Amino acid sequence: MQNKGFIKVFAIILTLICLFYLSFTIVGRQYNKKADAYAKGDLELKNQYLDSLSTEKVYLGYTLKQIREKEIGLGLDLKGGMNVIVEMDVAQVLKALANTDDPQFNQALQETIVQNRKGSSSDFITLFRQNYERINPTGKLANIFSITMSDRVSPTATNDQVINVLRQEVKSAADNSFNVLRTRIDRFGVVAPNVQRLDQAERILIEMPGITEPERVRNLLQGSANLEFWKTYDINELGTYFNEINTRSAEYAQNVRGAATASTDSLLTDSLALIPSDAAGAKIEINKSFVEYFAQPRFGMGGTNGPIVGAVAQNDTAAVNYLLQRYKDIFPADVRFRWGFKPIDQRETLYELYALRGDGSKRGPALEGDVVTNAKADQGHQGSAWEVSMTMNSAGASRWATITGAEKGKSIAIVLDGYVYSAPTVNDRIEGGRSSISGRFTPEEAGDLENVLKSGKMKAGVRIVQEDVVGPSLGQEAIHDGLVSFVIALIVLFIFTCLLYGFTPGMVINGALLINFFFTLGVLAAFQAVLTLPGIAGMILSLAMAVDANVLINERIKEELANGKSLRKALEDGYKNAFSAILDSNLTTIITGIILAIFGTGAIKGFAITLIIGISISFLTAVFLTRLVYEHQLERNRWLKLTFNTGFSRAIFNVYNFDFIKNSKNIILAIAIFVVISIVSLFTLKLNTGIDFTGGRNYIVRFDRPVKTGDIEEALQPVLGGSAQVITIGSTNQVRISTNYMIDNESATVEEDLISLLGQGLKDYITPGSTINDHIQSSQKVGPSVAEDTMKNAFLALTIALICMGIYIFARFRNWAFSVGTVAALSIDTYAVIGLYSLLWKVMPFSMEIDQTFVAAILTIVGYSINDKVVVFDRFREVHQLYPKRELRSLFNDSMNAVLARTINTGLSTILVIICILFLGGDAVRSFVFAMLIGVVVGTVTSLFIASPVAYAIMRKQDRKRQLEPQK
């Protein structure tokens, strides 16, 4: 083998990289165990322990926070927690930017709101434009937006130009919403949250592991953030008051310590020492005076000025808040204290506290942010530091001139969502409403401040359009089921490969599979991926599909040995002749994975990434590393008597001589009958469409005793307006309740109202002394707009996958006959799964919903099934090159017979793995793997009786046409 050195070096480097990144997971797990031992089941204590070490360097110069960020995280389906997609209210943005007196604008906006909430394949801005131009065909958007946005929209601007500006403004508002939500989540105290923008600009994904209070999170996320301008105090103006609070808090802390030491009255100790935190509701201990909580106190320091009280560690901010609230009578009535929104130190632990001065009789902000008409971040003259310019409307400009004139030499705090983003000093009275805010801004900080200032006018709130809440007990069960299915699937694979090829070749394959697993985990860790239950399924399936490459090679080696070649020559030719088929089959599967990654979301995207990595790694391990092992042993005169045959393989596999082309007619007839039956079923039984495509809510509810789904459904129908479907999930005491009742309701209390209705309907099944919340294990919500996008992406992904497969086959085999045969077979594979789901969903003992997971299964089937087609066509190409004058029918039959053993072996190995996952892998993936089982069986049949016969029929017509053409 050429390039042995390169392969060895590459494998060593990859091994070291994987070990490096996996070590973070090991170290992170060790500290997690220490935190568990310290907390003894108290989640609050555990979080405090981990937070206290978060900025300490504990491994290779990395802090614990950095280590935890580099771990392979567990998804919510394994760990429990909450996952939401929030959507910014674009209608609020447009209202703020427009002349809302225009009745046609208001009508178009209202219609767009209704369409968007019901679900549409177009974004909000596109829908709004379509509605406005339909209502007013000659209308100009510039007439509506040039009044309030004169600096960006001219009265003569075209509708295209106005729409472009509106898209920029929506993006700016979305950026600001992202920053606000990220800050809220960080302050909420969630361990390792994930906040990311989605492809659709106005949507944000938020994952919060370990959340047990979803209602608090909903309230936290959906509140609007208000921009305010506050006057401030100079810190030296409050010196006397800080001395007083320090004295009184010191006495308080001493009493707490004394009560705790004496262990006298426990009620007294609790009332003194334990008080709720402002952020996460956790309880903290007050054991220091006010000043002792400050790492960098500025009050009491001579010669200091400005509004900053000092800097406090994040873990101590709740204690400082409590003391300020407890002793608020010390300070003037117009004092308000607010924290800076971002840490000031490199370790990201210290936050500054600002002293604000309330204005007017309500002692509130001096100016609301809705007077801001525009803001822009830019560098100063000649490339100097970044600054942010701001303009206000006429009313704001007048008030701003008054404020800045009175506050000359002092700071004005810019406050968003209760946090101080900047507190620039007023140098002089500012007339005309145009201001420039300078400071030591980075480009990113200046951009954030620009978005903050723009948000004042927009005040764009967000609403939850998709939500998943998974209880910790379900997560633990998923981990157990996933691990059990994974281990058993590996054992079954190991035994099967040894039975096929003998102990030594079988263990070479098994070693390659273990290395594949190690490399896949390492690469996932390097990408800081999150491991989900579908991800584990993807890893197991990638291992099963990795067997295919090894089977191809070993079958070719057996062929070469049967032709009388020596073992060394058979190994060399076997690897060489199998290479093109392995390359083609792996590439087609990767193409499918890429399509899944592009159009999938959440766990499906994780599955796709895991599959892509696993298949890519399998190419390295099967084609190169196993060959290195064989060559190494043969060079040392070992393994010289390998036959790659066993009694088991000889007993069940022979030399085949089937006429597939002839027998395909019967198979095609059977398929035609099945298609007719399926069409009837699709019109009568229909499909069990999940809430991913229809919108709605799912609740998994666990009772203390077995229940009947019919009884539960009957109890819920009256309270849920007749909209309730109930199926058993896992065991007879656990059900999933699906409903689209009140899915269009935007009330802030709709979730509480629905759970209350569930409690009313199920009151006879709830354990005495418990509530319905004690029985709900997980909940899921999908809004209509998200469901519409999901359905669109699903069909688009499937269509693109089929087209890509056809194009790839044409590019590789240079004849459209192979492309038509492939697409025809893949279409039947897809339709077979859909048809059987229609026929069986009412009788199978598990959920068979048409949802995102089902679409992922279909696309995986497409990627897997095409392997068979590629292998057959690759062998046809090889035989045709050797025997160009052989009759076409004979070439196809010989090719299919030659690879039949490989097809059966690969199919069996995959089916064995799928069966392990089907029975042991848990309910979350059962529907997925059942679809895979159907796809593997049907895909094998269509490879032999559809793809090749169709290609044969077309090529035979091509040959006849060429024979009839006049010779030149």
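Residues numbered from 1 in each chain as written. Predicted model: local features only at pLDDT ≥ 70, side-chain atom pairs only at ≥ 80, totals over all residues. Heavy atoms only, no water.

Caption draft 1: Just the overall build of the protein, in detail. Across its full length, the protein carries 32 helices and 25 strands. Computed over C-alpha atoms, the radius of gyration of the protein comes to 33 Å, within 12% of the 30 Å expected from 2.2 N^0.38 for 968 residues, which places it in the range of a compact globule. The dimensions of the protein, computed from C-alpha atoms along their principal axes, are 100 × 80 × 70 Å. The contacts of the protein with a sequence gap of at least 6 include a subset with a gap of at least 24, amounting to 74%. Accessible surface for the protein amounts to roughly 42700 Å². Of this, 56% is attributable to carbon and sulfur atoms. For the protein, the centre of its 94 positive side-chain charges and the centre of its 93 negative side-chain charges are spaced 8 Å apart. (Helix = DSSP H or I, 4+ residues; strand = E, 2+ residues; numbered from the N terminus. Rg over C-alpha atoms; globule rule 2.2 N^0.38 Å. Contact = heavy atoms within 4.5 Å. Areas by Shrake-Rupley, 256 points an atom, 1.4 Å probe, with all protein chains shown as cover. Lys, Arg positive; Asp, Glu negative; His and termini not counted. Charge placed at Lys NZ, Arg CZ, Asp CG, Glu CD.)

Caption draft 2: Layout of the sheet that holds strand β15 (residues 372-379). Strands sit in the order β15-β16-β19 across an open sheet of 3 strands; the sheet is antiparallel. Edge positions in the open sheet fall to β15 and β19 (434-441), since each of these has one partner strand only. Neighbouring strand axes in the sheet, compared pairwise and without regard to direction, differ in orientation by 20° on average. Where β15 and strand β16 (residues 386-392) come together, 7 bridges link them in antiparallel fashion. Within β16, the residue paired with D378 across the bridge is E387. (Pairing = 2+ DSSP bridges. Axes fitted to C-alpha atoms, helices over the stretch in contact; angles between N-to-C directions.)

Caption draft 3: Representation of the packing of helix α22 (residues 660-684) against helix α28 (residues 816-840) in the model. Axis separation between α22 and α28 bottoms out at 9 Å; the angle between their running directions is 45°. Taken together, the axes of α22 and α28 lie oblique to each other. Crossing geometry of α22 relative to α28 is assigned as left-handed. Along its contact with α22, which presents I671, F674, V675, I677, S678, I679, S681 and L682, the element α28 presents I828, Y831, A832, I834, G835, L836, S838 and L839. Of the residues contributing to the contact of α22 with α28, the split by class is 12 nonpolar, 4 polar and no charged. (Parallel < 35°, antiparallel > 145°, perpendicular 65-115°, else oblique. Left-handed = near helix turned anticlockwise from the far one by under 90°. Nonpolar A, V, L, I, M, F, W, Y, C, P; charged D, E, K, R; others polar.)

Caption draft 4: Summary view of the nonpolar core. In this structure, F818, Y837 and F892 are the most contacted members of the largest nonpolar core, which totals 115 residues. Top element by residues in this core is helix α32 (residues 923-964). It accounts for 18 residues. In this structure, I235, I330, V335 and V371 belong to the second largest nonpolar core, which totals 56 residues. (Core = buried A, V, L, I, M, F, W, Y, C linked by side-chain atoms within 4.5 Å. Buried < 20%, exposed > 50% of the residue type's maximum accessible area, 1.4 Å probe, protein only.)

Caption draft 5: Expanded view of the pattern of salt bridges. Evaluated as defined, the whole model comprises 38 salt bridges. Linking D359 and R399 is a salt bridge whose minimum nitrogen-to-oxygen distance equals 2.8 Å. Note that D359 is positioned in the loop between β13 (350-357) and β14 (367-368) and R399 in helix α14 (residues 394-406), a separation of 40 residues in sequence. (Salt bridge = Lys/Arg side-chain N within 4 Å of Asp/Glu carboxyl O.)

Caption draft 6: How the structure looks around the packing of aromatic side chains. Scanning all chains against the criterion turns up 35 aromatic pairs. Taking the centre distance of 6.2 Å and the plane angle of 45° together, the rings of Y241 and F331 count as tilted. Here the residue Y241 occupies a position in helix α11 (residues 239-262), and F331 occupies one in the loop between α13 (317-326) and β12 (335-339), the gap between them amounting to 90 residues. Here Y241 falls in the partly exposed class, since its relative accessible area comes to 30%. Summarising the aromatic geometry, the rings of F703 and Y765 are spaced 5.9 Å apart at their centres and angled 55° between planes, so their arrangement reads as tilted. Here Y765 lies in the loop between α25 (750-761) and α26 (772-775) and F703 lies in the loop between β22 (696-702) and α24 (709-716), a separation of 62 residues in the sequence. Across the pair, Y765 and F703 agree in class, each one buried. Taken together, the ring pairs in this structure connect Y241, F242, F290, F294, F331 and F337 into an aromatic cluster. Positioned above the aromatic ring of Y31, the side-chain terminus of K34 is 4.5 Å from the ring centre. Above the ring of Y233, the side-chain terminus of R357 is found at 3.9 Å from the ring centroid. (Phe/Tyr/Trp six-rings, centres within 6.5 Å; stacked < 30°, edge-to-face > 60°. Lys NZ or Arg CZ within 6 Å of the ring centre and 35° of its normal.)

Caption draft 7: Region of interest: the packing of helix α19 (residues 567-599) against helix α29 (residues 852-882). Where α19 meets α29, the closest approach of the two axes is 9 Å, and the angle between their N-to-C directions is 160°. The angle between α19 and α29 places the two elements in the roughly antiparallel class. Considering the relative orientation of α19 and α29, their crossing is right-handed. Counted together, N577, S580, A581, D584, S585, T588, T589, T592 and L596 of α19 and A856, L859, T860, V862, G863, I866, N867, V870, V871, D874, R877 and E878 of α29 form the full contact between these two elements. Classifying every residue of the contact of α19 with α29 by side-chain character gives 8 nonpolar, 9 polar and 4 charged.

Caption draft 8: Fine view of the sheet that holds strand β24 (residues 734-739). Strands sit in the order β5-β6-β4-β20-β25-β22-β24-β23 across an open sheet of 8 strands; the sheet is antiparallel. Every interior strand has two partners, whereas the edge strands, β5 (194-197) and β23 (725-728), have only one. The sheet shows a mean angle of 15° between the axes of neighbouring strands, direction not considered. Of the strand pairs in this sheet, β5 and strand β6 (residues 203-209) are connected by 4 bridges, and their pairing is antiparallel. Across the sheet, residue Q196 finds its bridge partner in β6, namely L205. In the packing of α25 onto the sheet, the strands contacted are β22, β24 and β25 (776-782), and the crossing angle to β22 comes to about 45°.

Caption draft 9: Seen up close, the pairing of β22. Of all 7 residues in β22, 6 are buried, a share of seventy percent or more. Two elements, β22 and β25, share 6 bridges in a ladder whose sense is antiparallel. Within β25, the position partnered with N698 by the bridge is Q780. Here β22 runs beside β24; their pairing, made up of 6 bridges, is antiparallel. Along β24, the bridge assignment pairs V701 with V735.

Caption draft 10: Region of interest: the environment of T822. On the secondary structure map, T822 appears in helix α28. Residue T822 is classed as buried on the basis of its relative accessible area, which comes to 0%. Sequence-wise, T822 and V870 are 48 residues apart; in three dimensions their C-alpha atoms are separated by 8.6 Å. If we skip the residues at most four places from it in the chain, T822 touches I809, I866, K869 and F873.

Caption draft 11: View of helix α5 (residues 90-97). When you tally the buried positions in α5, you get 6 out of 8 residues, the bulk of the element. For α5, the full list of buried residues reads V90, A91, V93, L94, A96 and L97. Between the side-chain oxygen at the start of α5 and the backbone nitrogen of A91 there is a gap of 3.2 Å, and the oxygen is on D89. (Polar contact = N/O pair within 3.5 Å; in protein donor to acceptor, adjacent residues only side chain to side chain.)

Caption draft 12: Structural context of the confidence of the model for the protein. Counting all residues, the mean pLDDT for the protein is 83, and 91% of those residues have values of 70 or more. Confidence scores differ between elements of the protein, with helix α12 (residues 266-273) showing the lowest mean pLDDT of 38 and β12 the highest of 94. The low-confidence segment residues 263-280 (pLDDT under 50) makes 31 contacts with residues lying over four places distant or belonging to another chain. (pLDDT = per-residue confidence, 0-100.)

Caption draft 13: The arrangement of α28 in detail. For α28, spanning 25 residues, the distance from its first C-alpha to its last is 36 Å, which sits close to the expected 36 Å at 1.5 Å a residue. Its side-chain oxygen 2.9 Å from the backbone nitrogen of A817, N815 forms the N-cap of α28. (Expected span 1.5 Å × (residues − 1).)

Caption draft 14: Geometry of the side chain of R357. Relative to the helices and strands, R357 resides in strand β13. Here E237 takes part through its side chain, which lies 3.4 Å from a polar atom of the side chain of R357.

Caption draft 15: Geometry of unusual backbone geometry. Positive phi values are uncommon outside glycine, yet N637 reaches one of about 55°. Its place among the elements puts N637 in the loop between α20 (603-635) and α21 (647-652).

Caption draft 16: Structural context of a nonpolar patch on the surface. Residues V487, I491, I495, L499, F648 and I652 make up a contiguous nonpolar surface patch of roughly 490 Å² in combined accessible area. At the level of secondary structure, the elements contributing two or more residues to the nonpolar patch comprise α16 (472-501) and α21. Looking at the nonpolar patch, the element that brings in the most residues is α16, giving 4 residues. The exposure class assigned to I652 is partly exposed, which follows from its relative accessible area of 37%. (Patch = residues over 30% accessible without salt bridge, like charges linked within 9 Å, V, L, I, M, F, W, Y side chains within 5 Å.)

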